[in-house]
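Commentary on secondary and tertiary structure
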Amino acid sequence: MRKALHTIIGVDLTQIHGLGPYLALKLVSECGTDLSAWPTAKHVTSWLCLSPGNKISGGKVLSARTRRSHNRASALLRLAAVNVGKTDSALGAFYRRLAMRVGKAKAVTATARKLAVLFYNTLRHSLDDSDPGASYSEERHRQRVVQNLERRAKQLGFTLEPAGAAGVS
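The structure reproduced in this document is the subject of the present report. (Residues numbered from 1 in each chain as written. Predicted model: local features only at pLDDT ≥ 70, side-chain atom pairs only at ≥ 80, totals over all residues. Heavy atoms only, no water.)

1. Description of the overall build of the protein chain
To be explicit about the condition: What counts as a helix is a DSSP run of H or I of at least four residues, what counts as a strand is a run of E of at least two, and both are numbered from the N terminus. It is over C-alpha atoms that the radius of gyration is taken, and the globule rule equals 2.2 Å times the number of residues to the power 0.38. For every residue, the accessible area obtained with a 1.4 Å probe (protein chains only) is divided by the maximum for its type, and the residue is called buried under 20%, exposed over 50%, and partly exposed between those limits. Note on contacts: a residue pair is in contact if any heavy atoms of the two residues lie within 4.5 Å. All accessible areas in this document rest on Shrake-Rupley with a 1.4 Å probe, and a residue is counted as covered only by the protein chains that are shown.
Along the protein chain, the regular secondary structure elements total 8 helices and 2 strands. Sequence-ordered secondary structure for the protein chain, helices as α and strands as β, is α-α-α-β-β-α-α-α-α-α. The C-alpha radius of gyration computed for the protein chain amounts to 20 Å, which surpasses the reference 15 Å derived for 169 residues by more than 25%, pointing to a less compact arrangement than a globule. In terms of overall dimensions, the protein chain has C-alpha extents of about 60 × 50 × 25 Å along its principal axes. Per-residue burial over the protein chain gives 34% buried out of 169 residues. Long-range contacts, defined as pairs at least 24 residues apart, comprise 60% of the intrachain contacts of the protein chain with a sequence gap of at least 6. Here the protein chain has roughly 11100 Å² of accessible surface; of this, 54% comes from carbon and sulfur atoms.

This is the structure:
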């Protein structure tokens, strides 16, 4: 099924973590092979109701929840997001990090949105998705956190030292 799907579409959608051949076939059947109707990935995520629907009145944001959707592609992407959260991949690490911070429901929506963007970019622009893995993703996240802490400490007039160099246990 994977080879047949590859010959029809021209790209391998199963290289995206969380998208198997059956799910890729269902997504292509819902969205089609020509995604030129959506100029950018943001348009696709909006169509799938995976982007925030900002309700603004008088310059004040009243709500930023995602809209309800009866779109089957959106439901498939949410299901794939739950499954990818259990894997040892960069997307799985993203899901777990977000679920710990904001809750599982919002993490599912955010991961489904990422999967939709990867699906769009792979199908429309034939981009390859090489997953660096969860350990690489976690290390990059750790580096960002340390850089932000160092920047904040410098603004406040402090310096940071690693725990091993300070001699404090």
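2. A look at the packing of helix α1 (residues 2-9) against helix α2 (residues 21-31)
Counted only if it meets this: Inter-axis angles, ranging from 0 to 180 degrees, are taken between N-to-C directions of lines fitted to C-alpha atoms, where helices are fitted over the stretch in contact. Working rule for handedness: look at the near helix, and if it is turned counterclockwise from the far one by less than a right angle, call the crossing left-handed; if clockwise, right-handed. Lys, Arg, Asp and Glu make up the charged group, whereas Ala, Val, Leu, Ile, Met, Phe, Trp, Tyr, Cys and Pro make up the nonpolar group; the residues left over, Gly among them, are polar.
Following both chains from N to C, one finds α1 and α2 inclined at 30°, their axes separated by 10 Å at the closest point. Seen along the crossing, α1 lies across α2 with a hand that is left-handed. Between α1, through Arg2, Leu5 and Ile9, and α2, the contact on the second element is made entirely by Pro21, Ala24, Leu25 and Val28. By residue class, the composition of the contact of α1 with α2 is 6 nonpolar, no polar and 1 charged.

3. So, the nonpolar core
Applied cut-off: By nonpolar core is meant a set of buried Ala, Val, Leu, Ile, Met, Phe, Trp, Tyr and Cys residues that side-chain atoms within 4.5 Å join together.
With 37 residues, the main nonpolar core has Leu13, Leu27, Leu77 and Phe119 as its most contacted residues. Residue assignment for this core shows that the elements contributing at least two residues are α1, α2, α3 (41-47), α4 (72-84), α5 (90-102) and α6 (104-125). Here the element with the most residues in this core is α6; it accounts for 9 residues.

4. Concerning the side chain of threonine 109
Position of threonine 109 relative to the elements: it lies in helix α6. For threonine 109, the residues in contact, after removing those within four places along its chain, are Leu50, Thr66 and Arg78.

5. Some details on the packing of aromatic side chains
Stated formally: The rule is short: rings of Phe, Tyr and Trp, with Trp giving its six-membered ring, pair when the centres are within 6.5 Å, and they are stacked under 30 degrees, edge-to-face over 60, tilted in between. Over a ring means this: the NZ of a Lys or the CZ of an Arg is within 6 Å of the ring centre and within 35 degrees of the ring normal.
On inspection of all chains with the given rule, the structure shows 1 aromatic pair. Between the aromatic rings of tryptophan 38 and tryptophan 47, the centroid separation amounts to 4.9 Å while the plane-to-plane angle is 45°, which identifies the pairing as tilted. By relative accessible area, which is 14% here, tryptophan 38 ends up buried. A cation over a ring is seen here: lysine 114 above phenylalanine 94, with NZ or CZ 4.5 Å from the ring centre.

6. Here we look at the side chain of serine 74
Along the polypeptide, serine 74 turns up in helix α4. Of the residues examined, serine 74 reaches a relative accessible area of 2% and is grouped as buried. With sequence-adjacent residues up to four places away left out, serine 74 is seen in contact with Leu48, Leu50 and Ser69.

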